[in-house]
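Fold and contact review
Read off the chains here:
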Amino acid sequence: MPDSLLITGPPRSGKSRAAMARFHSISDSILIVPTATLAEHMSHELARSGGVFRPSRVTTLAGFLEPRAAPVASNFLLHAAVAEALEKIRPACFEAVREYRGFRKSLARLANEIPADAVDGDLSTVFQAIDRALEARGFATRRRRMEEATHNPGPLPPHIVIDGFFSFRRPELDFLIALASRTAVTVTLPEWPGSAATRGALLARGFREQICSFKADHGNSEVFAALSLEHEVEQIVRRILDEAARGRPFRDIGVIVRTREPYAPALETTFARFGIPARFHFADPLIAHPVIALIAAIVRALLGGWNYEDLLRIAQMPAAGVSDHIEFALRERIPGAGLPIAGLQETPLIFERLASLDSWRRLSLPAAEWRSRLSGLGSFAAEPVIGDQISRDHLRAWQSAVFALAALDKMLSEAAALFDAPLKLADFWAAVETALALEDLRVPDRRANAVHVLDAYEARQWTMPVVFVCGVIDGHFPRFVREHPLLDEASRRRAGLPDAAEMEAEERCLFEHVSTRATEKTIFSYACFNAKGDPEVLSPFLDARGAGRAEGRLHPRPRRLVSPPEPAPIQAPALLAELAKKHAALAPTSVESFLQCPFQFFAAKTLRLRTRPAAPRERLDALLQGAIMHRALAEHSRRPLFGADVFDEVFEEECARAGVPADYRREAVRLEMRRNFEAFLANREIGLGWSSRVEEQFSFALTPQLALRGRIDRLDVGPRNQAIVIDYKYSAANRIRERTGQDEAGTQVQGGLYMLAAVRVFGVKPAGMFYCGLRKGVAWDGWHVPIEGLERAGTVVAANVLGDMMRAAEEKAVQTFDAIVSGEVAARPADEKKCARCDYADICRVETLEALRAATA
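Conventions and cut-offs
In this convention, every chain numbers its residues from 1, walking through the sequence in written order. Local features in a predicted model are, by the rule used here, given only for residues with pLDDT of at least 70; side-chain atom pairs are given and counted only at 80 or more, and totals for whole chains, interfaces and linings are based on all residues. For the side-chain quantities, the full set of heavy atoms in the structure was used; hydrogens and water were omitted. A 1.4 Å probe rolled over the protein chains alone gives each residue an accessible area, and that area as a share of the maximum for its type sets the label: buried under 20%, exposed over 50%, partly exposed in between. The numbering of helices and of strands both runs from the N terminus, where a helix is a DSSP run of H or I of at least 4 residues and a strand a run of E of at least 2. The contact rule is simple, with two residues in contact once any of their heavy atoms fall within 4.5 Å. Axis definition: a line fitted to C-alpha atoms, over the contacting stretch in the case of helices. Angles run 0 to 180 degrees between N-to-C directions. Crossings are classed by handedness, with left-handed meaning an anticlockwise turn of the near helix from the far one by less than a right angle and right-handed meaning a clockwise turn. Following the grouping adopted for this structure description, the nonpolar residues are Ala, Val, Leu, Ile, Met, Phe, Trp, Tyr, Cys and Pro, the charged ones are Asp, Glu, Lys and Arg, and the polar ones are all others, Gly among them. Charge convention: Lys and Arg are scored as positive, Asp and Glu as negative, and His as well as the terminal groups of each chain are ignored. Salt bridges, as used here, are contacts in which a Lys or Arg side-chain nitrogen is within 4 Å of a carboxyl oxygen on Asp or Glu.

Okay, helix 1 (residues 15–25) next. Within helix 1, the full set of buried residues consists of K15, A18, A19, M20, R22 and F23. Each element contacted by the buried residues of helix 1 is listed here: strand 1 (5–9), strand 2 (30–33), helix 2 (36–48), strand 4 (159–162), strand 5 (184–190) and strand 6 (208–211).

In structure tokens:
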């Protein structure tokens, strides 16, 4: 056997350094590392060390096998082979789950790891069928490729270095021994229980062993705890910015997570907010790329008959280039379907082009034709706008789109190769969509100065001055060891796969490795609570004694400082004239809106800004429920013999008009509202026997410039032309009491203005004003003159008190009109507690009021 060497030792003991010394000492040596990103990293390290070498001398195990075995099957082809094998064999033990994508993925992973003879029964039969299916297409599993190269490794370099692996399974170990019988091989192995079998096998085959005992300086370490994952990520950002402020390059900083989820998305978002450049050494599913997601959404919408919910998803995608008002229009039309969309003021270009695809749904074409047509859908993405200045982020986005579309073409070709006869688009797309979900997309990132974000496996060969290790909690680091879905512990051991004990040992080994990646400082962090507010359990690997507790939140520094604007009224004469014209008639609720906040009135009544239309399941909100109850009460007064059935009729009509889906929530709300409706019909608290008029519209002039208009829910007229005004509120009793208190304080004017309308429009003498709460029981509150039968309802007052309420409300309305036409638009809420429920709170900048008060104090 040629001179082969096994180098062992603990983390950061000099194993890789000794292996690379041998790499440089033997010309034309090849370096094999576990992953493509690690191969790129090692290439850069070698280049920085001053050596000149061919890039092909650093590769992965898969890359080394490329000329020595059949091409490796992609995830999709392997998934298709699994589906084909299950369909042909139809093993009874898998019949209940054979259609599940998760089961097929587990089976595919297992087929890649172990040979068919390592298991028995139906599983062995399925593995053999998978190998045959792939071989028929000219591909092989990773395990099968290893077996082929073991028997026929072909021409070999004089020396091969294999570095960065934790251990080797049976196919890999056989291949490694076969290499060592033909050329010099250097292998590094860390000291941990899972590598003992590999070490013993290599020594038995004649490998010399070199034990490294050097202890590298890992620098200092510290631990901090945060309240939540988001808080933890913010504190990592704070420390990275502090390091950068002291002159440390971003490339000298690394963030290590055990697995991509859940930390990588939070890190990516937060780094972007604070302008920190970062390279995320992860692969995302191809279907997650914005351009590919747009293409997938287009095909789904086409197959669904242009359902408006599907079109809305397209409109919301930045790659579609659709304006926001189209999203509003689509939301209003849900549920619905079809192209073109009727009633749109402007049809987006992408929707005009989508209509030309409609015939595809009915065609049956060869797979190659579907491949060609679907490949052309990339043109539906909005073209980039190229200006004088192009940011690096835009360049990277365009670059990633090119790589994504190239990967799409590859997946379309693989899917087309599966079909011989013509087929419908739906059948072809089912295969393509599976391919897009299984295929990973890696976009090259050549930025030199960026923070590196890696998982624990990727980080094992990296060293950086400063390293953050986040998420050190039980369940994330270490991960929980779960039972394998297909093999029990004994079967896994027989197949040469790690059992639970070895996987637990591997977690500790990984932690020891990441703990030694820094040369100056390692910062461990964890969140005390999860998203539900439940406490997290600290990792058993971490000694958190003396851990610091992160306090406070972090916010990006504004690019420019803006002083709080001092509210200024509208002053342009033309605009003031337009305000007087636009608001020449006011409703009592509009007056109250201005009294609560001039800006709220300006946004809602002057600008008529629209809130985003609710999704169908959210449309049965308090506003619609109130409208249903009001109409049902009015209908009942006209058809009293129909009883509560009137409510059901109105409820169904209003829900159908609003497009509320017939689901559990709708029925639950209907039952609750019907109980409240029946409770009102049974209520006799105000039963004077007076004649009632309902839904009475009114309009009258308060001044030559201002008219008041509105609608009274109910007007009960009795002897001597007395009248009681009743306003229904679908609210609980406490809200009714709050309402009457606001009328008495003068911050609400509806009661006084309604009584004023009763006098001036209907010619009656107000004897009372009641608000009736209809939710969770019937609640009456208000004011009335002494009337027999109303002793227990509301508050008894003298007639002049009602007159004072009307005069005060009239004065408030006139003053409000004068303020409106004088241009008052300031964000000045009378009750700041109501700002939380205001539709315009996000644009009024009410939060600057406190700063303004402090500045002018």
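After presenting the structure, the write-up continues.
Right, let's get into the packing of helix 25 (residues 645–658) against helix 26 (residues 664–682). Following both chains from N to C, one finds helix 25 and helix 26 inclined at 145°, their axes separated by 10 Å at the closest point. Helix 25 and helix 26 meet at a crossing whose hand is right-handed. Residues D645, F647, D648, F651, E652 and C655 of helix 25 pack against R666, V669, R670, M673, R674 and F677 of helix 26. Class assignment of the residues belonging to the contact of helix 25 with helix 26 gives a composition of 6 nonpolar, no polar and 6 charged.

For the rest of this paragraph, the subject is the side chain of R68. Mapped onto the fold, R68 is located in the loop between helix 3 (61–65) and helix 4 (75–89). Despite its burial, R68 remains without a salt bridge, the nearest opposite charge being carried by E66 at 9.6 Å. Leave out the neighbours within four places in its chain, and R68 touches A149, N152, P153, P155, L156 and P157.

In this section: the pattern of salt bridges. Should their charged atoms come close, side chains of opposite charge can pair. Under the counting rule described, the total for this entry stands at 61 salt bridges. Here R143 and E147 are joined by a salt bridge, their closest N and O atoms 3.8 Å apart. Note that R143 and E147 are positioned in helix 7 (residues 142–151) at a spacing of 4 residues, about one turn of the helix. For the salt bridge of E824 with R828, the shortest nitrogen-to-oxygen distance reads 3.5 Å. What makes E824 partly exposed here is its relative accessible area of 23%. Among the residues examined, R828 registers a relative accessible area of 46% and is labelled partly exposed. Salt bridges sharing partners connect three or more residues here, namely E87, R90, E95, R98, E99 and R104.

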